[in-house]
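Structural description and commentary
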Amino acid sequence: MGCCSSTEGDRDWKPTENRKYTDIPWLIIFSLFCIGMALICGFAIATGGASRLVSGYDSYGNTCGRNNTNKKIDGVPLSGADMTEKKYVFFLEPCKFDIISRKFKSIALCVSQCPATELKTYRELKDFALSNGSYLCSYELTPRQYENNPKCPKPPVPQSNAVPVFHRCIPVNISCYAEFAQAFITFVGDNTVLRRVIAGVITSKEIIMGLCVLAFVLSLIMTVVIRYISKVLVIILTVLVIIGSVGGTCILWWLYADQKHGLSKNSTSVLWKEVAGDNDKALLVYSIGATIFTVVLLLLMFFLRKHVSLTISLFHVTGKVFTSLPLLFLHPFWTFLGLMMFWVYWVAVLLFLGTSGSPVKNNSTGVVEYQMQGPLQYMVWYHLVGLIWISEFILAFQQMTIAGAVSTYFFTRDKDNLPQFTVVSSSINTLRYHMGTVAKGSFIITLVKIPRIILTYIHTQLKGKENACARCMLKACVCCLYCLEKCLVFLNQNAYTATAINGTNFCSSVCDAFKLLLENAAQVAVINTVGDFVLFMGKVLIVSCTAFVGVLALNYQQDYTVWVLPLLISCLFAYLVANCFLSLFENVVDVLFLCYAVDKKLNDGSSGRPYYMDKELMEHIEKSSKMGKYKSPEGARQEMKPMRGGGTSA
């Protein structure tokens, strides 16, 4: 990182002592950016985009339910009409919908009433217009001109109801939209199968809800008890890796020997011998490669075996953290709620922008479209950047809050006397001191995400058109950006932890965290491999238990025949819930490890510098020391003292 300086490398860690405002310029930049997002929303509302989206507009630029006499459009004689009494949008061909452009490819009219019954003939269409004044044909036509006129809907006109809030006449019978589901129906192959599947979902809705609740409860239980089964899961992982690597290598050598024996025994055609010889060489290369890989892997497992115990100890302490800070369980829900509210706002403003701008007549179709021209068209790109940056900001705020709460727990000597509402206090500290750091960290992720999204979009648009070399280069660039993003996310998370501990700005925290992780690189590697496997096994266990209970429950349901889809829905929800809870668990493990590394760096377990860490982590250090001794940073060998109760750190 370019923001690191040589003097910063010697800065002392002072857990929770320094609490000051960090990265104020970035907070100002982020605030100005949010003001820009609000101005875009205000522009869309002020230019009529919001009213046109809600009230609807016809193909001639008239907003339904409004007086448009002062909004005459040049070259469009039917524009500028008073539509105060005509509050609903009626489409002459409601089933002609373009999924790609998300628009109806049909003439739209403002009408005073949607057809409440099916109009089977032109005569009924005419009577409907004369009886209630709701004309379903183009404005310049009189009811006498309705017969076989292309500017009228072709009978039968389906019964329609007005959509609440958005004032569009949508057919009651959605069978005309069957073409949208044609691909799915073709895949299913038989409408009766589709009906049975849908009937199975509807009939089993109570069971699906029950399985979702079960998945939620299992995830809560797993978050607390995984510390007790982590050692068993690590043993399973070790056995599987050894069996897989050694067994795979032995099989390759056996295949090579068998191939060699068959080649010397058989004397068939020259071509067969050449092919068999190539296979023999390939098997030899694979066998040698697998042998080298297995030897290296087993050596790594042997030399890193001591670090595995640290992962298990961290899992034990993480379970204690959740027991002491139960409000941590609620934080993902608040984050999800915040993301959902922002996404709803973002989509609403995007739709407003889609109906904003100046009215322009499409010469090919003769209808009026609203388009933003000039610099205003770049507002959509600004809005897109806002989607990524603010979403990342909300996620980073959660990470900073978790880091603050967990570091407070870790650096409190008397764990039975924690400050009240630690998680709430951490959120307040983040809001008060570290919003600029959160803004800067989330912006760095945004800078990597935007080009990756652009390259992915280009690759999608050029699919089937670009040559193999260009396709390979695009995929390689996307893959590299994805890997860079994952590395930055991990580094950012540790930087937030360093900020929560030390109260430093983002750049300083990144440098401090990076150097500390580099000093403990072997332990970081083990925690991220073994820990990820243990958490993955936890997710599999939750989904498997949900699926097992689901099979038992659905097997005794006799009201339908197809229960595969309900089971899949339940398992998908179970995985999402398990991933949510265990990802939170993983974040806490990462924070605890950095706190552990800081504690180990600052203290030596002596009476003058006792550890903050829990007994499980102290036992790991004791096991790693010779004869219960620990070599302090100054080089002296001192007897480690257990953590004593006391007050909290400042």
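Residues numbered from 1 in each chain as written. Predicted model: local features only at pLDDT ≥ 70, side-chain atom pairs only at ≥ 80, totals over all residues. Heavy atoms only, no water.

The helix and strand tally for the protein chain stands at 17 helices and ten strands. The proportion of buried residues among the 650 residues of the protein chain is 42%. Residue pairs in contact within the protein chain that sit at least 24 positions apart in sequence constitute 71% of those at least 6 positions apart. Total accessible area on the protein chain is roughly 34,500 Å²; 66% of this is exposed by carbon and sulfur atoms. (Helix = DSSP H or I, 4+ residues; strand = E, 2+ residues; numbered from the N terminus. Buried < 20%, exposed > 50% of the residue type's maximum accessible area, 1.4 Å probe, protein only. Contact = heavy atoms within 4.5 Å. Areas by Shrake-Rupley, 256 points an atom, 1.4 Å probe, with all protein chains shown as cover.)

One pass over the structure, following the stated rule, counts three disulfides. Through a disulfide, C114 is tied to C169; the S-S separation comes to 1.9 Å. Here the S-S torsion is close to -80°, and the disulfide linking C114 with C169 is therefore left-handed. Linking C114 in the loop between β4 (108-111) and α3 (122-132) with C169 in strand β6 (residues 169-171), this pair joins segments that are 55 residues apart in sequence. Under the relative-accessibility criterion, C114 is labelled buried at 9%. Between the sulfur of C137 and that of C152 lies a disulfide, 2.0 Å long from S to S. Looking down the S-S bond of the C137 and C152 bridge, the torsion is 125°, so its handedness is right-handed. Here C137 is found in the loop between α3 and β5 (160-162), whereas its partner C152 is found in the loop between α3 and β5, with 15 residues between them in sequence. Considered together, C137 and C152 belong to a single accessibility category, that of buried residues. With no disulfide of its own, C212 lies 10.0 Å from the sulfur of C571, the closest cysteine sulfur. A disulfide-free cysteine, C480 has its sulfur positioned 5.8 Å from the sulfur of C479, the nearest such atom. The exposure class assigned to C480 is exposed, which follows from its relative accessible area of 52%. (Disulfide = S-S within 2.5 Å.)

Glancing now at the packing of helix α1 (residues 24-46) against helix α9 (residues 331-354). Running from N to C, α1 and α9 point in directions that differ by 45°, and their axes come no closer than 9 Å. Regarding the angle of α1 to α9, the classification is oblique. Crossing of α1 over α9 shows left-handed handedness. Residue-level contacts link M37, A38, I40, C41, F43, A44 and I45 of α1 to F342, Y345, W346, V349, F352 and L353 of α9. (Axes fitted to C-alpha atoms, helices over the stretch in contact; angles between N-to-C directions. Parallel < 35°, antiparallel > 145°, perpendicular 65-115°, else oblique. Left-handed = near helix turned anticlockwise from the far one by under 90°.)

Turning our attention to α3. Where α3 is concerned, the buried positions are Y122, L125, F128 and A129. In an axial view of α3, the angular spread of the buried residues amounts to 120°, which keeps them on one side of the axis. Exposed residues lying more than 90 degrees from the buried face of α3 are R123, L130 and S131. (Arc of directions from axis to C-beta.)

It is worth spelling out the pattern of salt bridges at this point. Applying the stated criterion across every chain, the model contains six salt bridges. Measuring nitrogen to oxygen at the nearest pair gives 3.8 Å for the salt bridge that ties R123 to D127. With R123 and D127 both in helix α3, this residue pair falls four residues apart, about one helical turn. For R123, a relative accessible area of 54% translates into the label exposed. (Salt bridge = Lys/Arg side-chain N within 4 Å of Asp/Glu carboxyl O.)

Quick look at the UniProt feature "transmembrane region" (unreviewed entry) in the protein chain now. UniProt tags residues 24-46, 207-226, 232-256, 283-304, 342-360, 380-397, 533-554 and 560-578 as "transmembrane region" (unreviewed entry). Across residues 207-226, the secondary structure splits into 100% helix and 0% strand, with the terminal C-alpha atoms separated by 27 Å. With 68% helix and 16% strand, residues 342-360 has its two end C-alpha atoms placed 31 Å apart. (UniProt positions renumbered as here; feature names shortened; annotations may be inferred.)

Now for the side chain of K539. Structurally, K539 can be placed in helix α15 (residues 521-555). It is E586 that comes nearest to the buried, bridge-free K539 among opposite-charge side chains, at 5.8 Å. For K539, the residues in contact, after removing those within four places along its chain, are Y575, A578, N579 and L582. (Lys, Arg positive; Asp, Glu negative; His and termini not counted.)

In the segment running from P155 into P156, the intervening peptide bond is cis, with an omega of 0°. Looking at the element boundaries, P156 is found in the loop between α3 and β5. Despite not being glycine, D23 shows a phi value in the positive range, around 55°. Secondary-structure assignment places D23 in the segment before α1. Residue classification places D23 among the buried residues on the basis of a relative accessible area of 13%.

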